[in-house]
Amino acid sequence: MQWSEPLHFAEMKVVTPGTLAEALALLQEHGGQARPLAGATDAMVRVKEGQWRVPLWVQVRRLPELNRVEVADGQVTVGAAVPYGRMLGHEGLRRSAPLLLQAVREIGAVQIQAMGTLGGNLGTASPAGDGLCALAALEAEVQLLSAGAERWVPMDRFLLGPGRTGRRPDELIGAVRFAAQPSEERSLWQKLGLRGAQAIAIVSLAMRLRPGAVPGSVSLARLAYGAAGPTVLRARKCEAMLEQVGELDPARIRGISQMAWKEVLPISDVRASAEYRQQMACALLQRGLMRLLRPGEEVCRHERV
Ligand SMILES: Cc1cc2nc3c(=O)[nH]c(=O)nc-3n(C[C@H](O)[C@H](O)[C@H](O)COP(=O)(O)OP(=O)(O)OC[C@H]3O[C@@H](n4cnc5c(N)ncnc54)[C@H](O)[C@@H]3O)c2cc1C
């Protein structure tokens, strides 16, 4: 085991275990006093701002078990320490996980994408985490590893609140897995921010729709909102309505979208009021449904976001 130089800030003590077993042993031994570190894009900021005081960081980004990307038998597995930049260049992910890659493409800019990871996005558990939102719509499961044990937890049991997860201090996020998106599925990532890039979402929406037997209908709808509640939220009532209503003409699309405000629980903060977020939750859903189901049809001017 090799002790690396402290990172930029004197109080950050980082140890780099050589193997997964060593990393898990360190987390077990130090309990809540040690925390995993991957790309450090969140950690550096939080440490600098004095929000996170962690006696020992366990650097896990080079562990091979956390760096795999597998697309096989209709299932996608992405290691927790795979940097976003590598995901974006992965041909199998482009085919099988277009929704996730749409979201990842908008995370930070190239520097953040070179270092940032899904494990870090999950670990920080921000309600505005872009990766989390796509993973919730994909109904992903999170692999939690501890010394001698492994468990897979669905997103809605992993994310418990702002900055709160179901991970125990002795556990490491190993990977996420989800079913590959079939070719007939259409998906869309929308992020409303105060500027076009490098912005924390005001509201975001990850959408998946699968066509139904009746033209213009859907057999499966999955909708996950970011920055619209204490954690990423699935809009389950809207999903059910979309799956049951039959053909989705513009009037039905508008009617269902207007129900979205009931599915979100936003707060007012420096970026937007809760009321604005509720309105935008409806507008993003309407715009997304029109784009995916009725491309080329104009959304009325006053309905644009
Ligand atoms: C300029 C800038 C722009 C950004 N833009 C965006 C954006 O557009 N969208 C967005 O969602 N985020 C954004 N972020 C936040 C950040 O980049 C992401 O959350 C990123 O995914 C964090 O990954 P990381 O590997 O750097 O995490 P780290 O900083 O290394 O870790 C973050 C947290 O996750 C934990 N952790 C990391 N890996 C594991 C693991 N394997 N197991 C258990 N816990 C783990 C750590 O203990 C820590 O608590 C931005 C950050 C910056 C500085």
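Residues numbered from 1 in each chain as written. Predicted model: local features only at pLDDT ≥ 70, side-chain atom pairs only at ≥ 80, totals over all residues. Heavy atoms only, no water.

Where do I start with the overall build of the protein in this structure?
Scanning the protein for helices and strands turns up 12 helices and 15 strands. For the protein, the spread of C-alpha atoms along the three principal axes comes to 60 × 45 × 30 Å. Buried residues in the protein amount to 50% of all 305 residues. Sequence-distant contacts, at least 24 apart, represent 58% of the contacts inside the protein between residues at least 6 apart. Total accessible area on the protein stands at roughly 14,200 Å², and carbon and sulfur atoms take up 52% of it. Side-chain charges in the protein split into 37 positive and 30 negative, and the spacing between the mean points of these groups amounts to 3 Å. (Helix = DSSP H or I, 4+ residues; strand = E, 2+ residues; numbered from the N terminus. Buried < 20%, exposed > 50% of the residue type's maximum accessible area, 1.4 Å probe, protein only. Contact = heavy atoms within 4.5 Å. Areas by Shrake-Rupley, 256 points an atom, 1.4 Å probe, with all protein chains shown as cover. Lys, Arg positive; Asp, Glu negative; His and termini not counted. Charge placed at Lys NZ, Arg CZ, Asp CG, Glu CD.)

Help me out: how do you make sense of helix H11 (residues 250–257) in this one?
In an α-helix there are 3.6 residues to a turn, and that puts residues three or four apart on one side. Those residues of H11 not exposed but buried are Ile253, Ile256 and Ser257. Along H11, the residues classed as buried sweep out an arc of 100° about the axis, all on the same side. Considering only its buried residues, H11 is in contact with helix H10 (236–244) and helix H12 (274–293). (Arc of directions from axis to C-beta.)

What should I look at first to understand the nonpolar core in this one?
In summary, soluble globular proteins display a tendency toward joint burial of nonpolar side chains. Core analysis: the largest hydrophobic core is formed by 55 residues, its most contacted members being Met87, Leu100, Leu122, Leu135 and Leu172. For this core, the element with the most residues is helix H8 (residues 130–137), which contributes 6 residues. Ignoring sequence-local partners within four residues, the contact set of Leu172 consists of Leu20, Ala23, Leu24, Leu27, Pro36, Val60, Leu63, Leu66, Gln143, Leu144 and Leu145. The next biggest cluster of nonpolar side chains, apart from the first, holds 30 residues, and it includes Val218, Ile253, Ala272 and Leu292. (Core = buried A, V, L, I, M, F, W, Y, C linked by side-chain atoms within 4.5 Å.)

Just to check I follow, could you spell out the packing of aromatic side chains for this structure?
Between two aromatic rings, the relevant description is the distance of the centres plus the angle of the planes. Summed over the entire model, instances satisfying the criterion amount to 1 aromatic pair. The interplanar angle of 35° and the centroid separation of 6.3 Å between the aromatic rings of Trp52 and Trp57 together place this pair among those described as tilted. Trp57 matches Trp52 in its accessibility class, with the two residues each being buried. When the ring centre of Trp52 is taken as origin, the NZ or CZ atom of Arg35, which lies over that ring, is 4.4 Å away. Above the face of the Trp152 ring, Arg177 is positioned so that its terminal group lies 3.9 Å from the ring centre. (Phe/Tyr/Trp six-rings, centres within 6.5 Å; stacked < 30°, edge-to-face > 60°. Lys NZ or Arg CZ within 6 Å of the ring centre and 35° of its normal.)

In this structure, what is going on with the site of the ligand? I would like to understand it.
Neighbouring the ligand are 34 residues, the closest being Pro36, Thr41, Asp42, Tyr84 and Thr117. Here Tyr84 contributes a side-chain N or O atom positioned 2.5 Å from an oxygen atom of the ligand. Between the ligand and Ile173 there is a distance of 2.8 Å, counted from a nitrogen atom to a backbone nitrogen or oxygen. The fraction of the free accessible surface of the ligand (980 Å²) that becomes covered by protein chains is 88%. Secondary structure elements with two or more residues in the shell around the ligand: strand S3 (34–37), helix H2 (41–48), helix H6 (110–115), helix H7 (118–124) and strand S11 (172–179). Here the element with the most residues in the shell around the ligand is H7; it accounts for 5 residues. Taken together, the residues that form the shell around the ligand break down as 16 nonpolar, 12 polar and 6 charged. (Near = heavy atom within 4 Å. Polar contact = N/O pair within 3.5 Å; in protein donor to acceptor, adjacent residues only side chain to side chain. Nonpolar A, V, L, I, M, F, W, Y, C, P; charged D, E, K, R; others polar.)

What am I meant to see in the environment of Ile173 here?
Secondary-structure assignment places Ile173 in strand S11. Separated by 53 residues in the primary sequence, Ile173 and Gly120 have C-alpha atoms spaced 9.0 Å apart. Once you skip the residues sitting within four places of it in the chain, Ile173 turns out to touch Leu66, Ala80, Gly119, Leu122, Gly123, Val142, Gln143, Leu144, Phe158 and Arg167.

None of this, on its own, says anything about what the molecule does.
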